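Analysis of the macromolecular model
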Amino acid sequence: MAEFCMECLNKISETNFKEKDFIMSKNLDFCEECCQFKHVVVVSKKTYYLRKLPFFSFFNDRF
C-alpha cells in the first residue's frame, strides 16, 4: 500500500484534507511521492471509527 504525506495526498487527490481528518504515523516514514522522510497518513479517522462499531465489526469478521 502506498504511503503519502499529507501534502502529497492532497496534491494527488486534488483535495484539501487536514491532519485532523487522518491518523498519522508516529515516526517519520518514507513518502513515496516526494521521496522525503515525513509523517505519513495511516488511515482516515472516519474509517477507523466505523470499524470500531459493533455492527461493522460483525461484518469485518465474516468477510
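Reference entry: report on the structure contained in this document. (Residues numbered from 1 in each chain as written. Predicted model: local features only at pLDDT ≥ 70, side-chain atom pairs only at ≥ 80, totals over all residues. Heavy atoms only, no water.)

**Let's talk about helix H1 (residues 6-13)**
Taken together, the buried positions of H1 are Met6, Cys8, Leu9 and Asn10. Following H1 by one or two positions, Glu14 has its phi on the positive side, about 55°. (Buried < 20%, exposed > 50% of the residue type's maximum accessible area, 1.4 Å probe, protein only. Helix = DSSP H or I, 4+ residues; strand = E, 2+ residues; numbered from the N terminus.)

**What about a nonpolar patch on the surface?**
Nonpolar side chains collect at one region of the surface, where Leu28, Phe30 and Phe37 lie side by side and expose about 330 Å² of accessible area between them. Note that Leu28 resides in the loop between strand E1 (22-24) and strand E2 (29-30). (Patch = residues over 30% accessible without salt bridge, like charges linked within 9 Å, V, L, I, M, F, W, Y side chains within 5 Å. Areas by Shrake-Rupley, 256 points an atom, 1.4 Å probe, with all protein chains shown as cover. Salt bridge = Lys/Arg side-chain N within 4 Å of Asp/Glu carboxyl O.)

**So, the nonpolar core**
With five residues, the main nonpolar core is built from Met6, Leu9, Phe22, Met24 and Val41. Those elements giving two or more residues to this core turn out to be H1 and E1. Beyond its immediate stretch of four places on either side in the chain, Met6 contacts Phe17, Lys18, Glu19, Phe22, Met24, His39 and Val41. (Core = buried A, V, L, I, M, F, W, Y, C linked by side-chain atoms within 4.5 Å. Contact = heavy atoms within 4.5 Å.)

**Overview of the pattern of salt bridges**
With the rule as written, the count across this model stands at one salt bridge. We note a salt bridge from Lys38 to Glu7, for which the minimum N-O separation is 3.6 Å. Of the two residues, Lys38 sits in strand E3 (residues 37-38) while Glu7 sits in helix H1, which places them 31 residues apart along the sequence. When its relative accessible area of 49% is taken as the criterion, Glu7 is described as partly exposed.

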